[in-house]
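Listed here are the chains, written in short residue letters.
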Amino acid sequence: MTAIGLTGLYAYAIARADLELPGDTGARVLRHGALALVVKEVPLADLQVDERDLSEDGALARLVREHDAVARAAAERGPVLPLRFGTVVPDEAAAQRLLDSRQVDAARRLDAIGSAREWGVKVLRTDDGPPAAAEADRSSGVAYLAQRRAALQAAEDASRRAQHVAETVDAAVERWVSDAVRRRGGGQGLLLDVAYLVPRDDETSFVAEIDRLAADLAEAGVRLEISGPWPPYSFAALEGEPDERGP
Amino acid sequence: MTVQTNQARGLRPQQPDSLADVLERVLDKGIVIAGDIVVNVLDIELLTLKIRLFVASAQTAQEMGMDWWTRDPFFTSRPVEDGARPELGSQDGKREVPR
């Protein structure tokens, strides 16, 4: 499809038809059937960004922050399913088609999310981790094999440790969360990156539990970082759509 | 950054979040809408890839605390290790060829 018009409707999130936005977001609510689409008319030229400009006053920062701010404001008023950043439809008819294509599964997903919010938990290694493999001593096949085995053992230990920490965190917060998604990727020393969906009534308990865990794990050379609350970005995926929920 | 600082920041999240936090949260999450409904004015898949490439290549990652992507298996097939890249001597070698 070509973008002939000068403006489009930036679509932030799918919500229930009874959503009322606060007045200061610049966005509006298009209702259709049982659902609503939170949109804002935007000049298409505003969506041209230079991906090399990651400064706070760059176009990308402005768009990303606005995306987050509107999704956040909407999520304060009721359950929302955030759309992928940069989703733009040409007009209201397309917005209605979008909602038509999602009437059943979106309504079900909105019910599942309810008033819960997303919290991010990262577990990072603060010690040096497994020692780097020493220079292989190739003078002796036996020594080489021993070193090789030690390196493999260290890697296995790190992997087992990550798994152990993941299970510890999951088990500790299980009673306070309604859903969890292991997030893809990871930087150096990142043992776990998980998003939890936490009902509002349980947020205080959840954060307290993470607080307690952080103190425990700090002694084991592991740091916990928590972020949130966020709109349910990691929990919006609908059935029939590839998501990142690992086994 | 000390452990205490990170813990304090982590357990009492401050607003607004850093751009890196928001990017990480927002960029490739959310419902994807079929191509025949949306305007392809912003090729978000390409943009995401470009930002990953930029972040991974320009050493902007650590400065911005955005190095979470550099080991993403989707993006890189091997871990990025500083100083571990093989030295390529071919350019120097050419200059040193005797006449």
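Model, not experiment: these values are computed from the prediction.

What follows covers the overall build of chain A. Helix and strand content of chain A: five helices and nine strands. In chain A, the succession of α and β elements from N to C terminus is β-β-β-α-β-β-α-α-β-α-β-β-α-β. A buried classification covers 49% of the 247 residues belonging to chain A. By sequence separation, contacts in chain A at least 24 residues apart represent 72% of the contacts at least 6 residues apart. Carbon and sulfur atoms form 50% of the exposed surface of chain A, whose accessible area is close to 12,000 Å².

Moving on: the pattern of salt bridges. Summed over the entire model, instances satisfying the criterion amount to 18 salt bridges over all chains. The salt bridge involving Glu24(B) is made with Lys122(A); its shortest N-O contact spans 3.0 Å. Of the two residues, Glu24(B) sits in helix H2 (residues 19–26) while Lys122(A) sits in strand E6 (residues 117–125), which places them in two different chains. For the pair Glu24(B) and Lys122(A), one class covers both residues: buried. The network of salt bridges with shared partners includes Glu76(A), Arg117(A), Arg200(A) and Glu203(A).

Another aspect to go through is the packing of aromatic side chains. Tallied over the full model, the rule gives four aromatic pairs over all chains. Taken together through their ring pairs, the aromatic side chains of Trp119(A), Tyr196(A) and Phe206(A) make up a single cluster.

Residue and element names in this part refer to chain A. Counted at 1.5 Å a residue, the expected span for helix H4 (residues 141–173) with its 33 residues is 48 Å, and the 48 Å between its end C-alpha atoms agrees. If you check which residues of H4 are buried, you get Ala154, Ala162, Val165, Ala166, Val169, Ala172 and Val173. Next to the buried residues of H4 lie E6, strand E7 (179–182), strand E8 (190–198) and helix H5 (203–218). Between the side-chain oxygen of the N-cap and the backbone nitrogen of Val142 there are 3.2 Å, and the N-cap of H4 in question is Ser140.

This next bit is on the packing of helix H1 (residues 59–77) of chain A against H2(B). Relative orientation of the contacting elements H1(A) and H2(B) amounts to 65 degrees, with a least axis distance of 10 Å. The interaxial crossing formed by H1(A) with H2(B) has left-handed handedness. Of the residues in H2(B), those in contact with Leu60(A), Ala61(A), Val64(A), Arg65(A), His67(A) and Asp68(A) of H1(A) are Leu19(B), Val22(B), Leu23(B) and Val26(B). The class makeup of the residues in the contact of H1(A) with H2(B) is seven nonpolar, one polar and two charged.

Conventions used here
- Within each chain, residue numbers correspond to sequence positions counted from 1 in written order.
- Throughout, the order in which chains and ligands are written sets their labels, letters from A for the former and numbers from 1 for the latter.
- Given that the model is predicted, a residue must reach a pLDDT of at least 70 before its local features are reported, and side-chain atom pairs must reach 80 or more before they are shown or counted; all residues, however, enter totals for whole chains, interfaces and linings.
- The basis for the side-chain values is all heavy atoms of the structure; hydrogens and waters are excluded.
- A run of H or I in DSSP counts as a helix once it spans at least four residues, and a run of E counts as a strand once it spans at least two, with each numbered from the N terminus.
- Here's how the labels work: a residue is buried when its accessible area is under 20% of the maximum for its type, exposed when over 50%, partly exposed in between, all with a 1.4 Å probe on protein chains only.
- Contact definition: two residues touch when any of their heavy atoms are within 4.5 Å.
- Note on areas: Shrake-Rupley, 1.4 Å probe, and residue coverage restricted to the protein chains presented here.
- What counts as a salt bridge is simple: a side-chain nitrogen of Lys or Arg found within 4 Å of a carboxyl oxygen of Asp or Glu.
- Aromatic pairing here means that ring centres of Phe, Tyr or Trp (its six-membered ring) are within 6.5 Å. Orientation follows from the plane angle: under 30 degrees is stacked, over 60 is edge-to-face, and everything else is tilted.
- What a helix should span is 1.5 Å times the count of its residues minus one.
- N or O atoms within 3.5 Å of each other form a polar contact, as long as, within protein, one can give a hydrogen and the other can take it, and as long as residues adjacent in sequence are counted only when both atoms are side-chain atoms.
- Axis definition: a line fitted to C-alpha atoms, limited for helices to the stretch in contact. Angles are taken between N-to-C directions and run from 0 to 180 degrees.
- Take the far helix as the reference: if the near one is turned anticlockwise from it by less than a right angle, the crossing is left-handed, and if turned clockwise, right-handed.
- Polar here means any residue outside two lists: the nonpolar Ala, Val, Leu, Ile, Met, Phe, Trp, Tyr, Cys and Pro, and the charged Asp, Glu, Lys and Arg; Gly therefore counts as polar.

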